[in-house]
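Tertiary structure, described
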Amino acid sequence: MKTFTYRTATDVAHGLEPGATFLAGGTNLVDLMKLGVATPDVLVDVTRLGLDEVADLPGGGLRIGAGVRNSDLAADSRVRRDWPVLSQALLAGASGQLRNMATTAGNLLQRTRCRYFMDATMPCNKHEPGSGCPAREGDHRNLAILGASEACVATHPSDMAVALAALDAVVQISGPAGERTVPVTELHRLPGDTPERDTVLEHGELITAVDLPPLGFAARSAYRKVRDRASYAFAVGSVAAAIQVDAGAVTDVRLAFGAVAHKPWRAYTAEEALRGRPATRESFLDAADAELTAARPLRDNAFKVALTRNLVVSVLEGLS
Amino acid sequence: MDLVVNGTRRSVELDPRTTLLDALREHLGLTGAKKGCDHGQCGACTVLLDGRRVNSCLILAITLQDSSVTTIEGVDHPVQDKFLEHDGFQCGYCTPGQICSAVGMLDEVSKGWPSAVGDAELTDAEIRERMSGNLCRCGAYPNMIPAIREAAAR
Ligand SMILES: Cc1cc2nc3c(=O)[nH]c(=O)nc-3n(C[C@H](O)[C@H](O)[C@H](O)COP(=O)(O)OP(=O)(O)OC[C@H]3O[C@@H](n4cnc5c(N)ncnc54)[C@H](O)[C@@H]3O)c2cc1C
Ligand code: SF4
Ligand code: FES
Ligand code: FES
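So, how was this worked out
Residues numbered from 1 in each chain as written. Chains lettered and ligands numbered in written order. Predicted model: local features only at pLDDT ≥ 70, side-chain atom pairs only at ≥ 80, totals over all residues. Heavy atoms only, no water. Salt bridge = Lys/Arg side-chain N within 4 Å of Asp/Glu carboxyl O. Buried < 20%, exposed > 50% of the residue type's maximum accessible area, 1.4 Å probe, protein only. Pairing = 2+ DSSP bridges. Helix = DSSP H or I, 4+ residues; strand = E, 2+ residues; numbered from the N terminus. Axes fitted to C-alpha atoms, helices over the stretch in contact; angles between N-to-C directions. Contact = heavy atoms within 4.5 Å. Domains from an automatic or database assignment. Buried area = accessible area lost by both parts, 1.4 Å probe. Polar contact = N/O pair within 3.5 Å; in protein donor to acceptor, adjacent residues only side chain to side chain. Nonpolar A, V, L, I, M, F, W, Y, C, P; charged D, E, K, R; others polar.

Residue and element names in this part refer to chain B. One pass over the full model with this rule turns up 39 salt bridges over all chains. Between Asp15 and Arg17 there is a salt bridge, with the nearest N and O atoms lying 2.9 Å from each other. Relative accessible area serves as the criterion here: at 34%, Asp15 is assigned to the partly exposed category. By relative accessible area, which is 31% here, Arg17 ends up partly exposed.

Rendered as structure tokens:
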């Protein structure tokens, strides 16, 4: 591991000197530092800023502090009652030990698990811009089928982010230039020509909280994840969904897909296709297909199209 | 820096790169926590940090000023007797991590924390899911499950 200096952050608005990085639970960053993929000169520990509360928002939402541990958020009685999809997504991720350290912001900003990215000795446009993308011809079984580019086909690995994208959560950001908000659906970028940038955050911008807006029908919501073993593995595909059905017809719906793109994939096209349609298997299939016509699978990951399609149907059937 | 380990305040001088696991094993003479993968993937390094189970291999010791760490050397819990009674191990390499994890897990259950399987009784499926962060190369899982189930009932 490259050497660094360490300090604790004392204020949310200080920003960062060049070469400095925020440290939260460390479960991703320390791992990448050991691998030589992350090489910060300065680590600024944000876990003592007191951003660890889940507070009620006026009007019925929740403000989830950036430093709230994944295990505490998953166990929060308000989350479990009103947004079960979020609790389920958190519990589907990592392990009990990791969730006790992992934070809201760190989870959102965790990096791809693409094996070339995590190997400092390999070329990779994400850790070394311009060096190429060996995944395209190499191991891409668990990489993107939607929104990828010639330069990068990585997926975002978070489960939690998929639920937050479906729920229209909003990220609160504080930086040297002031405060701003970004919807979770717009936090992560598509790779395009600059896959080295995962998100729209500028250097030194700190996530302080994630706001969860009220969504009455999210009380009927669920997260379903498929992985290569029963537990303690990243998703090969996942779906977060909430649905409202009245007299057999879909009146409203939220859908997002995980492990298919460089960002949690909000399935707006599928949602649009479903509103007003009968809540039947046929409608769910049509909606999934409407979204997945944009899929451009690689040699070894075409199975993800069928997998995601089946997940959409099973989750929506389970909820309606 | 100062760390409270198994109830005793210890002063250590560490390179900032030192993980909690290496601090325990290489600087404090506590070799109970094991290094399996060093990347958060196996659970052999599990300890209790302020009472919660964590992987000590992914935590920089320097971040823990004044925190309280309990390692297997400081654990005194019915899970240990039950592991002996049921032969919940073969080579024993994963065992300190399994036991620390089980102690933390049982506390989570008593606080009503849910798991991906459910939130009510501690069925065998629940134990498997909640203990999935601890791998055992010897595959001694079948005997760990009754050990943990019976420890929970006490
Ligand atoms: C073996 C293993 C299995 C896993 N399995 C899963 C899984 O199945 N599903 C899943 O979703 N995840 C999984 N994870 C990933 C885990 O969820 C993440 O490592 C964790 O959520 C990261 O949170 P953290 O607080 O530890 O972040 P850190 O490692 O501390 O930080 C991650 C990034 O976020 C930045 N950051 C942190 N806080 C802030 C802030 N407030 N503002 C701005 N930037 C910030 C850091 O600079 C860093 O770039 C797994 C991890 C491991 C090691
Ligand atoms: S897919 Fe992206 S992260 Fe993976 S090797 Fe290609 S450029 Fe790197
Ligand atoms: S050594 Fe820490 S999880 Fe494997
Ligand atoms: S008893 Fe040998 S690794 Fe578990």
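From this point on, the discussion continues.
Let us look at the sheet that holds strand 1 (residues 2-5) of chain B. Residue and element names in this part refer to chain B. Taken in spatial order, the five strands of this open sheet run 2-1-5-3-4, and their pairing is mixed. Strands with a single pairing partner mark the edges of an open sheet, and in this sheet they are strand 2 (8-11) and strand 4 (52-55). Going across the sheet, the axis of each strand differs from the next one's by a mean of 40°, ignoring polarity. Bridge count for strand 1 against strand 2 is four bridges, and the pairing is antiparallel. Bridge pairing links Leu3 to Arg10 in strand 2. Its contacts with the sheet put helix 3 (residues 95-110) on strand 3 (46-49) and strand 4, and the angle it makes with strand 3 is roughly 40°.

Turning our eyes to something else, we now look at the domain arrangement of chain B. Interface size is often expressed as the accessible area that is lost when the parts come together. Residue and element names in this part refer to chain B. Under the domain assignment used here, chain B contains domain 1 (2-72) and domain 2 (78-153). Centre-to-centre separation of domain 1 and domain 2, based on C-alpha positions: 21 Å. Contact with domain 1, which involves 16 residues of that partner, is made by 18 residues of domain 2. Carbon and sulfur atoms supply 56% of the area buried between domain 1 and domain 2, which totals about 1300 Å² over both sides. A salt bridge links Glu108 to Arg53; the shortest N-O distance between them is 2.9 Å. The tally of links between domain 1 and domain 2 comes to seven residue pairs in polar contact (both at pLDDT 80 or more). Among the secondary structure elements, those contributing two or more residues to the side of domain 1 that touches domain 2 are strand 3 and strand 4. Element by element, the count of residues in the side of domain 1 that touches domain 2 is highest for strand 3, at three residues. When grouped by side-chain class, the residues that make up the side of domain 1 that touches domain 2 number five nonpolar, seven polar and four charged.

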